[in-house]
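A look at the structure
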Amino acid sequence: DIVDPTYSGNEVNRTIYRVFIENLKEDFQADTVLMSHVFEHFYDPIKIMDIFYKNKSIKHIYLNFPDLEKYIKTGNYHVLNPEHIFYVENQYIVDLFKKYGFELKRNYYHEDHSVFFEFIRTSDSISNSKIINIAAENDVKNYFNAIFNKIEHIQKHIVNKKTYIWPCSMHTNYLFALGLDKSKITAILDNAPHKIGKYLYGTELQCQSFNDIIKTDEEIVIIL
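The present account deals with the structure reproduced in this document. Fair warning: this is a prediction, and the values are worked out from it, not measured in the lab. (Residues numbered from 1 in each chain as written. Predicted model: local features only at pLDDT ≥ 70, side-chain atom pairs only at ≥ 80, totals over all residues. Heavy atoms only, no water.)

**A short note on the overall build of the chain**
- Counting secondary structure elements, the chain contains six helices and 10 strands.
- The C-alpha radius of gyration of the chain comes to 22 Å, more than 25% above the 17 Å expected for a compact globule of 224 residues.
- With the C-alpha coordinates aligned to their principal axes, the bounding extent of the chain is approximately 65 × 45 × 30 Å.
- Classification of the 224 residues of the chain by burial places 40% in the buried group.
- When contacts within the chain are restricted to residue pairs at least 6 apart in sequence, long-range pairs at least 24 apart make up 59% of them.
- In the structure as shown, the chain presents an accessible area of about 13300 Å², 51% of it carried by carbon and sulfur atoms.
- When the 25 positive and 30 negative side-chain charges of the chain are each reduced to one mean point, those points stand 2 Å apart. (Helix = DSSP H or I, 4+ residues; strand = E, 2+ residues; numbered from the N terminus. Rg over C-alpha atoms; globule rule 2.2 N^0.38 Å. Buried < 20%, exposed > 50% of the residue type's maximum accessible area, 1.4 Å probe, protein only. Contact = heavy atoms within 4.5 Å. Areas by Shrake-Rupley, 256 points an atom, 1.4 Å probe, with all protein chains shown as cover. Lys, Arg positive; Asp, Glu negative; His and termini not counted. Charge placed at Lys NZ, Arg CZ, Asp CG, Glu CD.)

Shown next, in the form of structure tokens:
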């Protein structure tokens, strides 16, 4: 069974629910739930936990979650943006699932990118335990201060030459949202064929081919 409002894969021997799980009306019976890079996108993750808790058929949950804790320490811009809408430490995830009756059985850290959690139901009640992020307040402040410093550094080095920035993605929009002056940028660079000639959403900046631009004899500036 697959719950996905935009599913477009193979449907043979599969039941597809084309809705968000919050709106799923069917009383689905599942022993195991698999979630790959979706939990961090929920507007109300506690509501999702409540759905899992109330569905007593669920015994196992496998969660593939971005290693936000590593991201925020290494300056990866895929934290707290229009897609990843909350920040929690890895232990917070473990404690949250435990609060709703799912104990951590094992986990695996993959290349500073993802954390794989395996949870098993061990309780049929919700505990009153308080869950906190240990270092989040300080880490988030440092994270944004580093970005502001980086933007200031970039601004100083934008001179009177054609200036490009890579990549054509949310990561670049992140810098614009936090103060990088996009009026001084000539275009966005990328090599994804489906992006070339399009525009970075929210801007009037066109995406051009990185491959083509670096072959120019003109002296230019490229921000990576």
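There is more to say, and it comes next.
**Some points on the pattern of salt bridges**
- In total, this model carries 12 salt bridges according to the counting rule given.
- Two residues, Glu218 and Lys162, come together in a salt bridge whose shortest N-O distance is 3.8 Å. Taken as a pair, Glu218 in the loop between helix H6 (210–213) and strand S10 (221–223) and Lys162 in the loop between helix H4 (136–157) and strand S7 (163–165) lie far apart in primary sequence, 56 residues in all.
- Classification of Lys162 by relative accessible area gives partly exposed; the value is 39%.
- Between Lys195 and Asp190 there is a salt bridge, and its shortest N-O distance comes to 3.5 Å.
- Relative accessible area serves as the criterion here: at 23%, Lys195 is assigned to the partly exposed category.
- When its relative accessible area of 9% is taken as the criterion, Asp190 is described as buried. (Salt bridge = Lys/Arg side-chain N within 4 Å of Asp/Glu carboxyl O.)

**Points about the sheet that holds S10**
- With respect to topology, four strands assemble into an open sheet ordered S9-S8-S7-S10, the strand pairing being parallel. Edge positions in the sheet fall to strand S9 (207–209) and S10, since each of these pairs with one other strand and no more. On average, adjacent strands in this sheet sit at an angle of 40 degrees to one another, irrespective of strand direction.
- With three bridges joining them, S7 and S10 adopt parallel strand pairing. For Thr163, the partnering residue across the bridge sits in S10 and is Val221. (Pairing = 2+ DSSP bridges. Axes fitted to C-alpha atoms, helices over the stretch in contact; angles between N-to-C directions.)

**Quick notes on the nonpolar core**
- Core analysis: the largest hydrophobic core is formed by 53 residues, its most contacted members being Phe39, Phe52 and Phe97.
- For this core, the secondary structure elements donating two or more residues are strand S3 (32–36), helix H1 (45–54), strand S4 (60–66), helix H2 (68–74), helix H3 (90–99), strand S6 (114–121), H4 and helix H5 (170–177).
- Per element, the largest residue contribution to this core is five residues, and it comes from H4.
- Beyond its immediate stretch of four places on either side in the chain, Phe52 contacts Ile21, Val33, Met35, Ile58, Ile61, Phe102 and Arg121.
- Counting residues in hydrophobic clusters, the runner-up holds five residues, among them Tyr164, Ala187, Leu189 and Phe210. (Core = buried A, V, L, I, M, F, W, Y, C linked by side-chain atoms within 4.5 Å.)

**Here we look at the environment of Ile85**
- Following the sequence through the fold, Ile85 ends up in the loop between H2 and H3.
- Residue class for Ile85 comes out partly exposed when judged on its relative accessible area of 28%.
- Look past the residues within four positions of Ile85 in its chain and what remains in contact with it is Glu40, His41, Phe42, Tyr43 and Leu80.

**Examining the state of the cysteines**
- For the coordinates displayed, the defined rule picks out zero disulfides.
- Note on Cys168: no disulfide assigned, nearest cysteine sulfur contributed by Cys207 at a separation of 3.8 Å. (Disulfide = S-S within 2.5 Å.)

**What to know about the sheet that holds S4**
- Spatial strand order, S3-S4-S6-S5: four strands in an open sheet with mixed pairing. Because the sheet does not close on itself, it has two edges, and the strands there are S3 and strand S5 (102–110). Between one strand and the next, the sheet's axes are offset by a mean angle of 15 degrees, whatever the strand orientation.
- In this sheet, S4 lies alongside S3 in parallel orientation, the contact comprising five bridges. Counted as the bridge partner of Thr32 is His60 from S4.
- Here H3 sits on the sheet and contacts S3, S4, S5 and S6; the angle it forms with S6, its principal contact strand, is near 15 degrees.

None of the figures reported here should be taken as evidence of function without further support.
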